[in-house]
Amino acid sequence: MKKIILKAGDGKRIKNGHKWVFSNEIKQVEGSPALGDIVSLYDNAESFIGLGFYNPRSLIAFRLITNKEESINELFWKKRIEEAKLLRENVYPKENSYRAVFGESDDMSGVILDKYEDYLCVQFVSAGADKYKNDILEAAKNVYRLEGIFIRNDVTLRKLEGLDLENKVYYGDIPNNIIISENGIKFYTDLVNGQKTGFFFDQRDNRAKLAAYVKDQKVLDCYCHSGAFGIYAKRAGAKEVVFVDSSRVALEMAEKNYSLNGFKDFNGIEADALEYLMSQEAKSAKFDIVNIDPPGLIKSRKDFNAGFKHCVKINEAAMNLLNSGGILAVSSCSHHLGFKEFKDAIHQAAAKLKRKALILEYGFQAKDHPVLASMPETEYLNFAVVVMKGVC
């Protein structure tokens, strides 16, 4: 029997709903489990806690997938995917593209399934999920009517699990570009070559929040990626939108999406966003609204101080473009920058400029990325709409 026994006092967290056991919490391993095997977890009194994936090479040595003694097979995964599907259909009843499975929050540790109309782009970031990927994907085919599945296993988290990187077609044919719809807006997505799995579903609700403020305003969309924030703004009546990204490929995709929605005269600037924010060109443009959605700046705890300072610097540069009454929309997708620190980065930037920042509303990751209350690691995205007071 393959089993793990915890040290005395080290079972409380996982019994209270967390999904991980760390290697330094394990007292004993029995049965010689291999990388990715499903094992039983017991506390120090040898009471059963649950079943999960084992990884002797990772700091996260055990990932809980069920508290019951049950068979982990294709039917098991089918039930999990069906439960996740029902939640998405309830929160986004009109949508056909969304994050279909969000790892631990959907009791599928290390599994990401993103649904793009009739296609799935998937990632397996734990050794156990990778070992059982065929059962998981066959289950997904039984839940959804799919034309294709692409495995996008190029995420660096796999290296921490002792896994190789790989991208490949699992099923069907994958088009170069798939057109999806989000809140009635169309976007091209590239499952094979795009960032992450092809599109950032997690900002869906925040894009709609910002769109409520843009009518007749001049908007700057920095780190624009696919152009989604700016295109939402244009559809909501913004008089002008300027898109900025350091990637020529990203700008080309943003322009394609802009045209796809019937808009003309795309204004894209290929530049480092922070350098542009600090430029005289940006200062002279007189923007009413500035949106900044930088990539994750704090990858680990050791990066916190440098990453936090960079967040403040970006916020300050964006605020400095806005006259009194102008609006800053700011995002952070770093788990290690919590809500309190996110708000403090806004405060510190405003303080440096001796200006007042009034936060009108907050946003978080979209509802297809639900936060597991017992596991703070599942919460990573913060968003705020801020009115700046005082003339720059």
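Structure shown above.
Below or above, wherever it landed, is the structure these notes cover. (Residues numbered from 1 in each chain as written. Predicted model: local features only at pLDDT ≥ 70, side-chain atom pairs only at ≥ 80, totals over all residues. Heavy atoms only, no water.)

### Description of the overall build of the protein
Of the regular secondary structure elements, the protein holds 12 helices and 20 strands. For the protein, the C-alpha atoms occupy an extent of roughly 70 × 45 × 35 Å along the three principal directions. Long-range pairs, those at least 24 residues apart, make up 63% of the contacts in the protein between residues at least 6 apart in sequence. For the protein, the exposed area adds up to about 17,300 Å²; of that, 48% sits on carbon and sulfur atoms. Within the protein, one finds 55 positive and 53 negative side-chain charges whose respective centroids are separated by 4 Å. (Helix = DSSP H or I, 4+ residues; strand = E, 2+ residues; numbered from the N terminus. Contact = heavy atoms within 4.5 Å. Areas by Shrake-Rupley, 256 points an atom, 1.4 Å probe, with all protein chains shown as cover. Lys, Arg positive; Asp, Glu negative; His and termini not counted. Charge placed at Lys NZ, Arg CZ, Asp CG, Glu CD.)

### Overview of the pairing of strand β13 (residues 185–189)
Across the two faces of β13 the burial differs, with I185, F187 and T189 buried and K186 and Y188 not buried at all. Strand direction decides the pairing type here: strand β12 (residues 178–182) and β13, joined by five bridges, are antiparallel. Opposite S181, over in β13, you have K186 as the bridge partner. Between β12 and β13, which pair antiparallel and follow one another directly, the connecting turn spans two residues, one of which, N183, has a positive phi of 50 degrees. (Buried < 20%, exposed > 50% of the residue type's maximum accessible area, 1.4 Å probe, protein only. Pairing = 2+ DSSP bridges.)

### Focus: the pattern of salt bridges
Pairing between side chains of opposite charge can happen when the charged atoms of each approach one another. Across all of its chains, the model carries 23 salt bridges by this definition. Between R13 and E25 there is a salt bridge whose closest N-O contact spans 2.7 Å. Residue R13 is located in helix α1 (residues 12–15), and its partner E25 is located in the loop between β2 (20–22) and β3 (26–30); the two are separated by 12 residues in the primary sequence. (Salt bridge = Lys/Arg side-chain N within 4 Å of Asp/Glu carboxyl O.)

### Observations regarding the environment of E74
Looking at the element boundaries, E74 is found in helix α2 (residues 74–91). Spatially, the C-alpha atoms of E74 and Y132 are 9.0 Å apart, while their sequence positions differ by 58 residues. A polar contact of 2.9 Å, which involves the side chain of E74, links it to the side chain of N142. (Polar contact = N/O pair within 3.5 Å; in protein donor to acceptor, adjacent residues only side chain to side chain.)

### Some remarks on the packing of aromatic side chains
Counted under the stated rule, the structure contains 17 aromatic pairs. Members of the aromatic cluster, each reached through a chain of ring pairs, are F53, F76, W77 and Y132. One Lys or Arg, K141, reaches over the ring of Y171 and ends 4.2 Å from the middle of that ring. Over the aromatic face of Y92 sits the side chain of R204, whose NZ or CZ is 4.4 Å from the ring centroid. (Phe/Tyr/Trp six-rings, centres within 6.5 Å; stacked < 30°, edge-to-face > 60°. Lys NZ or Arg CZ within 6 Å of the ring centre and 35° of its normal.)

### Section: empty space enclosed by the protein
Summed over all chains, the structure comprises two cavities of 30 Å³ or more. In this structure, the largest cavity occupies an estimated 60 Å³ of space. Taken together, I292, P294, L297, C311, I314, N315, V330, S331, S332, L337, F342 and A345 make up the full set of residues lining the largest cavity. Looking at the lining of the largest cavity, the elements that each hand over two or more residues are α11 (304–319), β18 (327–332) and α12 (339–352). Looking at side-chain class alone, the lining of the largest cavity contains nine nonpolar, three polar and no charged residues. (1 Å grid on protein atoms, 1.4 Å probe; cavity = no way out; pocket = protein on both sides within 12 Å on 5 of 7 lines; lining within 4 Å. Points joined across faces, edges and corners; volume = space filled by probe spheres on them. Nonpolar A, V, L, I, M, F, W, Y, C, P; charged D, E, K, R; others polar.)

### A look at the packing of α2 against helix α4 (residues 133–143)
Interhelical geometry of α2 versus α4 gives an angle of 50 degrees and a closest axis separation of 8 Å. Comparing their axes, α4 and α2 come out oblique. The two elements α2 and α4 cross, and the hand of that crossing is right-handed. In contact with E74, W77, K78, I81, E82 and K85 of α2, α4 contributes D135, I136, E138, A139, A140, N142 and V143. Taken together, the residues of the contact of α2 with α4 sort by class into six nonpolar, one polar and six charged. (Axes fitted to C-alpha atoms, helices over the stretch in contact; angles between N-to-C directions. Parallel < 35°, antiparallel > 145°, perpendicular 65-115°, else oblique. Left-handed = near helix turned anticlockwise from the far one by under 90°.)

### A closer look at the packing of α11 against α12
Relative to each other, α11 and α12 sit at 50 degrees, their axes nearing to 8 Å. What the angle tells us is that α11 and α12 run oblique. Classified by chirality, the crossing of α12 by α11 is right-handed. Contact residues: α11 offers F304, F308, C311, V312, N315, E316 and M319, while α12 offers E341, D344, A345, I346, Q348, A349, A350 and K352. Residue composition of the contact of α11 with α12, by class: nine nonpolar, two polar and four charged.

### Topic: unusual backbone geometry
The residue S32 is not glycine, and still its phi comes out positive at about 50 degrees. By the secondary structure assignment, S32 is in the loop between β3 and β4 (38–42). In this model, E46 sits at a positive phi of 60 degrees, which is unusual for a non-glycine residue. Mapped onto the elements, E46 comes out in the loop between β4 and β5 (48–54). Note on E46: relative accessible area 44%, which makes it partly exposed.

### With respect to the pairing of strand β20 (residues 382–389)
A large share of β20 lies buried, amounting to seven of its eight residues. Alignment of β18 against β20, held across six bridges, turns out to be antiparallel. Along β20, the bridge assignment pairs I327 with V387. In this sheet, β20 lies alongside strand β19 (residues 356–364) in antiparallel orientation, the contact comprising eight bridges. Bridge pairing in β20 places I359 opposite V386.

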